[in-house]
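Survey of secondary and tertiary structure
One letter stands for each residue in the lines below.
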Amino acid sequence: MLRVLPLRGNVNTRLSKLDAGDYDAIILASAGLKRLGMTKRIAQSLDTSVSLPAIGQGAIGIECRVDDPEINEILSVLH
């Protein structure tokens, strides 16, 4: 039987609860685990057909001067 339970705390706290056997599995953002150097903790990635990322997950806003062609060229690949 699948039971979905709440899970609070930072990444280390959540992983500790998994390691202690409080949960059989947890879902975390892989971007956060990669940023923290914990890629070895990623057992499986969910395809977007199974679960969409949260709105704004990984979104970033960049602002630059309109009259700076060099910077605008560098940033153009992000558009």
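Check the entry above for the structure.
Computed from a prediction, not measured in an experiment: that's the story for all the values here.

The next thing to look at is the pattern of salt bridges. As enumerated under the stated definition, the model contains two salt bridges in all. Note that Arg41 and Asp19 form a salt bridge whose closest N and O atoms lie 2.7 Å from each other. Residue Arg41 is found in the loop between helix H2 (30–35) and helix H3 (69–75), and its partner Asp19 is found in helix H1 (residues 11–19); the two are separated by 22 residues along the sequence. Classification of Asp19 by relative accessible area gives exposed; the value is 54%. The closest approach of N and O atoms between Asp68 and Arg65, which form a salt bridge, is 2.4 Å. Here Arg65 falls in the exposed class, since its relative accessible area comes to 55%.

This paragraph deals with the layout of surface pockets. Looking at the largest pocket, its volume works out to about 1,200 Å³. As for the largest pocket, its lining consists of 32 residues, of which Ala25, Ile26, Ile27, Leu28 and Leu46 are closest to the centre. Going through the elements one at a time, H1 and H2 are the ones with two or more residues in the lining of the largest pocket. No other element matches the three residues that H2 contributes to the lining of the largest pocket. Per-class residue counts for the lining of the largest pocket are 21 nonpolar, seven polar and four charged.

Criteria and cut-off values
- Residues numbered from 1 in each chain as written.
- Predicted model: local features only at pLDDT ≥ 70, side-chain atom pairs only at ≥ 80, totals over all residues.
- Heavy atoms only, no water.
- Salt bridge = Lys/Arg side-chain N within 4 Å of Asp/Glu carboxyl O.
- Helix = DSSP H or I, 4+ residues; strand = E, 2+ residues; numbered from the N terminus.
- Buried < 20%, exposed > 50% of the residue type's maximum accessible area, 1.4 Å probe, protein only.
- 1 Å grid on protein atoms, 1.4 Å probe; cavity = no way out; pocket = protein on both sides within 12 Å on 5 of 7 lines; lining within 4 Å.
- Points joined across faces, edges and corners; volume = space filled by probe spheres on them.
- Nonpolar A, V, L, I, M, F, W, Y, C, P; charged D, E, K, R; others polar.

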